[in-house]
Amino acid sequence: MFYGAVVWDPWLIVAQIVSLQCLYYLGFGIFSSLLVGTRVAKTSLVYFFDYATVDASTITGWCVIVSFFLSSVAGAVFLVYLVERAKKCLDFVATLYIIHLLICTAYGGWPSSVTWWVVNCTYLAVMALLGEYLCMKREMREIPISRLRSSA
C-alpha cells in the first residue's frame, strides 16, 4: 500500500498504541530483571511505576534509570516495525509517556521527583529522535528494481 493512500483507522491506531505500550513494559521488565533484579531481594511493580525508585543517589536507582534508557532504545526499534512512519513517531512516543505518567500517578501519586521528570523527558526525546531516525532510514532504502522485473 502506498503511504499517501492510508485512510484514518482508529482501531489500528489504538492497536499500535497498546502494542507499543506492552512492548515497552516488556522491554523494561527484561532490562530491570537483569539490572535491578540482581540488586534487590524481590522485584515488583514498584520499579515500574513508583517515581521514588528513579533515584540518582543509589546504585539501584541508577539500575532503574539505565533500564528505562535501554527500554527507550528498544522502543525506538519497536517503532520501526509498529508505526513505520517517521512523521508519527513523536505522536506515539508522547502518547506512550503520557500513559506512563497516568499509570505512575494512579500507582504512587503525582511524581514529585525532579530526577523522574528529567529521566522520562530525556528518554522521551531519545526514543522519539532515534525512532524517527530509524524510520527515516528505513523509508529511504532503495527499492530493488531487478527483483520486480524478474517476477513480471
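We now turn to the structure provided with this report. All figures in this text were calculated on a predicted structure; none of them were measured in a lab.

Let us now look at helix α4 (residues 86-108). Helix length check: α4 (23 residues) gives 33 Å between terminal C-alpha atoms against 33 Å at 1.5 Å per residue, within 8%. Here the buried face of α4 lies against α1 (10-35), α2 (46-49), α3 (59-82) and α5 (114-139). Immediately beyond the C-terminal end of α4, within one or two residues, lies G109, with a positive phi of roughly 90°.

Okay, the packing of α1 against α4 next. Where α1 contacts α4, the two axes come as close as 10 Å, and the packing angle between them is 65°. For α1 against α4, the interelement crossing comes out right-handed. Along the contact surface, α1 presents I13, Q16, I17, L20, Q21, Y24 and Y25, while α4 presents F92, T95, L96, Y97, I99, H100 and I103.

On to the nonpolar core. With 33 residues, the main nonpolar core has Y24, V54, V64, F68, L79, Y97 and M127 as its most contacted residues. When neighbours within four sequence positions are excluded, M127 is seen to be in contact with L20, Y24, S72, G75, A76, L79, V93, L96 and Y97.

Let us look at the packing of aromatic side chains. Considering all chains together, one arrives at 11 aromatic pairs under this definition. Through successive ring pairs, a cluster of aromatic residues spans Y24, Y25, F28, F48, F49, F68, Y97 and Y107.

Where α3 meets α5, the closest approach of the two axes is 8 Å, and the angle between their N-to-C directions is 30°. The pairing of α3 with α5 is recorded here as roughly parallel in orientation. Taken as a pair, α3 and α5 cross one another with a handedness that is right-handed. Here I65, F68, F69, S72, V73, G75, A76, V77, L79, V80 and Y81 of α3 lie close against α5, whose contacting residues are T115, V119, Y123, V126, M127, L130, G131, L134, C135 and R138.

Once that is clear, we can look at unusual backbone geometry. Here E84, not a glycine, exhibits a phi torsion of approximately 70°, which is positive. One can find E84 in the loop between α3 and α4.

With that out of the way, let us pick up the environment of L101. Relative to the helices and strands, L101 is located in helix α4. Judged by relative accessible area, which is 17%, L101 ranks as buried. In sequence terms L101 and Y51 are 50 residues apart; their C-alpha atoms lie 9.7 Å from each other. In this structure L101 touches W110, P111, W116 and W117, once residues within four positions along its chain are discounted.

This part covers α5. The terminal C-alpha atoms of α5, which comprises 26 residues, lie 37 Å apart, in line with the 38 Å expected from a rise of 1.5 Å per residue. All of the buried residues along α5 are W116, V119, N120, Y123, M127, A128, G131 and C135. Its buried side turned inward, α5 meets α1, α3 and α4. Taking the backbone nitrogen of T115 as reference, a side-chain oxygen 3.3 Å away marks S113 as the first, capping residue of α5.

The next point concerns the state of the cysteines. By the definition in use, this model includes 0 disulfides. Note on C63: no disulfide assigned, nearest cysteine sulfur contributed by C104 at a separation of 18 Å. Cysteine C135 remains unbridged, with the sulfur of C89 as its closest cysteine sulfur at 3.6 Å.

Rules used in this analysis
- Starting afresh in each chain, residues are numbered from 1 along the sequence in its written order.
- Reporting in this predicted model follows two pLDDT cut-offs: at least 70 for local features of residues, and 80 or more for side-chain atom pairs to be given and counted; totals over whole chains, interfaces and linings ignore these cut-offs and use all residues.
- In computing side-chain properties, one takes all heavy atoms of the structure into account and sets aside hydrogens as well as water.
- Here a strand is any run of E in DSSP of at least two residues, a helix any run of H or I of at least four, and the numbering for each starts at the N terminus.
- Multiply 1.5 Å by the residue count of a helix minus one, and that product is the helix's expected span.
- We call two residues in contact when some of their heavy atoms are within 4.5 Å.
- The axes used here are C-alpha line fits, helices contributing only the stretch in contact, and every angle between their N-to-C directions lies in the interval 0 to 180 degrees.
- Crossings are sorted by hand: turned counterclockwise from the far helix by less than a right angle, the near helix makes the crossing left-handed, and turned clockwise it makes it right-handed.
- In this description, a nonpolar core means a group of buried Ala, Val, Leu, Ile, Met, Phe, Trp, Tyr and Cys residues linked to one another through side-chain atoms lying within 4.5 Å.
- Only protein chains enter the accessibility calculation, which uses a 1.4 Å probe; a residue whose area is less than 20% of its type maximum is buried, one above 50% is exposed, and one in between is partly exposed.
- Between 30 and 60 degrees the pair is tilted, below 30 it is stacked and above 60 it is edge-to-face, where a pair is any two Phe, Tyr or Trp rings, Trp via its six-membered ring, whose centres lie within 6.5 Å.
- Roughly parallel refers to an angle under 35 degrees, roughly antiparallel to one over 145, roughly perpendicular to one between 65 and 115, and oblique to any angle outside these ranges.
- Polar contacts here mean pairs of N or O atoms no more than 3.5 Å apart (in protein, one a potential hydrogen donor and the other a potential acceptor; neighbouring residues in sequence count only if both atoms are side-chain atoms).
- Disulfide assignment relies on a single distance test, namely cysteine sulfur atoms paired within 2.5 Å.

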